[in-house]
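# Examining the three-dimensional arrangement
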Amino acid sequence: VQLQASGGGSVQAGDSLRLSCAASGRTFSSLSMAWFRQAPGKEREFVGSISWNGIATNYADSVKGRFTISRDNAENTLLYLQMNSLKPDDTAVYYCAARRGSGYSPRPYEYHYWGQGTEVTVSS
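Let me begin by describing the structure that accompanies this report. Everything numeric in this text was worked out from a predicted model, so none of it was measured.

Next up on the list: the side chain of Thr77. Along the polypeptide, Thr77 turns up in the loop between strand S7 (67–72) and strand S8 (78–83). A polar contact is formed between the side chain of Thr77 and the side chain of Asn73, at a distance of 3.3 Å. Leaving out residues up to four positions away in the same chain, Thr77 has contacts with Cys21, Ala22, Ala23, Phe28, Ser29, Met33, Arg71 and Asp72.

This is the structure we're talking about:
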């Protein structure tokens, strides 16, 4: 059971990045998935989530209108986070996660599977 996040990097404010998360080892296609982030010295915070079928999405107010979460369940489940108009405040390690059970949740402790994180640095 593994989630592997990738796509992080160092960019300038206003740039875009696309994060990916590859799921393997079990069937993630039936699980809700999400992105969280953690900045140095801060708690892990919710970024966005997507239902198992990709129909329902939810976002933190801080990223609404700039970030888009999507998924591809065709073969192995792939989770994406398209980040546009990046700001220095978006600097953090970004984690993908999956949870059993239905419905939306912004709470990290309700997620059962976690990726290792990918670092995003946005400079002004």
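What follows concerns the pattern of salt bridges. Under the counting rule described, the total for this entry stands at six salt bridges. Of the charged contacts in the structure, one is a salt bridge between Arg66 and Asp90, with a shortest N-O distance of 2.7 Å. Taken as a pair, Arg66 in the loop between strand S6 (57–59) and S7 and Asp90 in the loop between S8 and strand S9 (92–99) lie far apart in primary sequence, 24 residues in all. The shortest N-O distance in the salt bridge between Glu110 and Arg107 comes to 3.2 Å. With relative accessibility at 22%, the residue Glu110 sits in the partly exposed group. Note on Arg107: relative accessible area 34%, which makes it partly exposed. Through salt bridges with shared partners, one network takes in Arg37, Glu45, Arg66 and Asp90.

Further remarks concern the environment of Ser123. Position of Ser123 among the secondary structure elements: in strand S11 (residues 118–123). Along the backbone, Ser123 and His112 are 11 residues apart, and their C-alpha atoms lie at a distance of 32 Å. Excluding residues within four positions of it along the chain, Ser123 makes contact with Val11, Gln12, Ala13 and Pro88.

About the cut-offs
Residues numbered from 1 in each chain as written. Predicted model: local features only at pLDDT ≥ 70, side-chain atom pairs only at ≥ 80, totals over all residues. Heavy atoms only, no water. Helix = DSSP H or I, 4+ residues; strand = E, 2+ residues; numbered from the N terminus. Polar contact = N/O pair within 3.5 Å; in protein donor to acceptor, adjacent residues only side chain to side chain. Contact = heavy atoms within 4.5 Å. Salt bridge = Lys/Arg side-chain N within 4 Å of Asp/Glu carboxyl O. Buried < 20%, exposed > 50% of the residue type's maximum accessible area, 1.4 Å probe, protein only.

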